[in-house]
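Below, each chain spelled out in residue letters.
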Amino acid sequence: MSASVPTEIGTLSPIGRENLTGRVYAEMRAALMEGRMQPGQRLKIRELALQLGVSETPVREAVMQLVRERALRMEQAKAITVAGLTLAQYQELRLVRSALEGLAAEAAADRIAPAEIRDLERAHAELVRAEAAGEAALAIRANWRFHHGLYRAAAMPELLAVIEGIWLRNGPMLNYLYPQARPTYPGRHRHLDILDGLRARDAAATRAAVQADMVEGGEGLLRHLGELERAAPGKMRTA
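Residues numbered from 1 in each chain as written. Predicted model: local features only at pLDDT ≥ 70, side-chain atom pairs only at ≥ 80, totals over all residues. Heavy atoms only, no water.

**A word on the packing of aromatic side chains**
- Per the counting criterion, the structure on display carries one aromatic pair.
- Taking the centre distance of 4.7 Å and the plane angle of 40 degrees together, the rings of Trp144 and Trp167 count as tilted. Of this pair, Trp144 sits in helix H6 (residues 136-152) while Trp167 sits in helix H7 (residues 157-170); the two residues are 23 residues apart in sequence, bridging distant segments of the chain.
- Assessed through its relative accessible area of 5%, Trp144 is described here as buried. (Phe/Tyr/Trp six-rings, centres within 6.5 Å; stacked < 30°, edge-to-face > 60°. Helix = DSSP H or I, 4+ residues; strand = E, 2+ residues; numbered from the N terminus. Buried < 20%, exposed > 50% of the residue type's maximum accessible area, 1.4 Å probe, protein only.)

**What to know about empty space enclosed by the protein**
- Enumeration according to the criterion identifies one cavity of 30 Å³ or more in this entry.
- Estimated volume of the largest cavity: approximately 270 Å³.
- In this structure, the largest cavity is lined by 24 residues; those nearest its centre are Asn143, His147, Leu174, Leu177 and Asp213.
- Counting only elements with at least two residues in the lining of the largest cavity, the list comes to helix H4 (87-111), helix H5 (114-133), H6, H7 and helix H9 (203-217).
- Taken together, the residues that form the lining of the largest cavity break down as 13 nonpolar, seven polar and four charged. (1 Å grid on protein atoms, 1.4 Å probe; cavity = no way out; pocket = protein on both sides within 12 Å on 5 of 7 lines; lining within 4 Å. Points joined across faces, edges and corners; volume = space filled by probe spheres on them. Nonpolar A, V, L, I, M, F, W, Y, C, P; charged D, E, K, R; others polar.)

See the structure below:
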C-alpha cells in the first residue's frame, strides 16, 4: 500500500435539503463506483458534511449503510475508511462480475439504442484521451461511464443493482491502475470489440469482449495487488 492516502473527496457535490440521507447515500455511492475514493482513505463525518452542505446526521446514516454494504469499514475508535480488497477477494469478485456483466452485455446487445451506443463511444474516447494526458481520475470515471452505460442498456434493473453493489467495492481499487497497472491489451482495446458487438447485435461477441476486457485489462492490477501483499503481508485494508 502507498504510504499516504487522501482525506478529502474533491468532487462531491452539495446536497439539497429534501430526503437528505438518501441523497447523501446516492452521492457517496456514486463516488465509490466511479473511483473517486481510494482504498484506505479515511473519511470524517464532519468534513463530509461540510463538503456536502448538510448536517452530520444524514452523513452518518449514509456512512453506516455503506459500512453494512462493506464498501466502507469501521475501524477501531470508530474511524471510517474506504474498504479495499485482497488479491483473493478481487479475483473472486472478478469471477462473479464476469458472469453477471457478461449476462448484462448479452442483453444490451439485443436492446441498446443507437443513441446509447454513441454515449458509449464518447465515454471510450474520453477514456483514451484521459489516459494519454495522464489524467487518472478522469480515465477511471470515463471507464465507469462506459461500463455502467452498457449494463444500464440491458434494461434489467435487478441485475444492474447487483452489479452496482459489486462496483461499490471494485471502484476504489481502480485507483491502483494509474500509473502502476495501466490496462493493456495484446491487440486492440476491448472496448472497441464491445462496440462492434453492440452495433452488430451480436450478443455472444459482446459478452466475450466484456469478459476479455476484464481479464486482459485487469492483469496489471492483479500483479500489483500481489506485489502489495508480498511487500506488506497481512496489511491489506479490506472490508
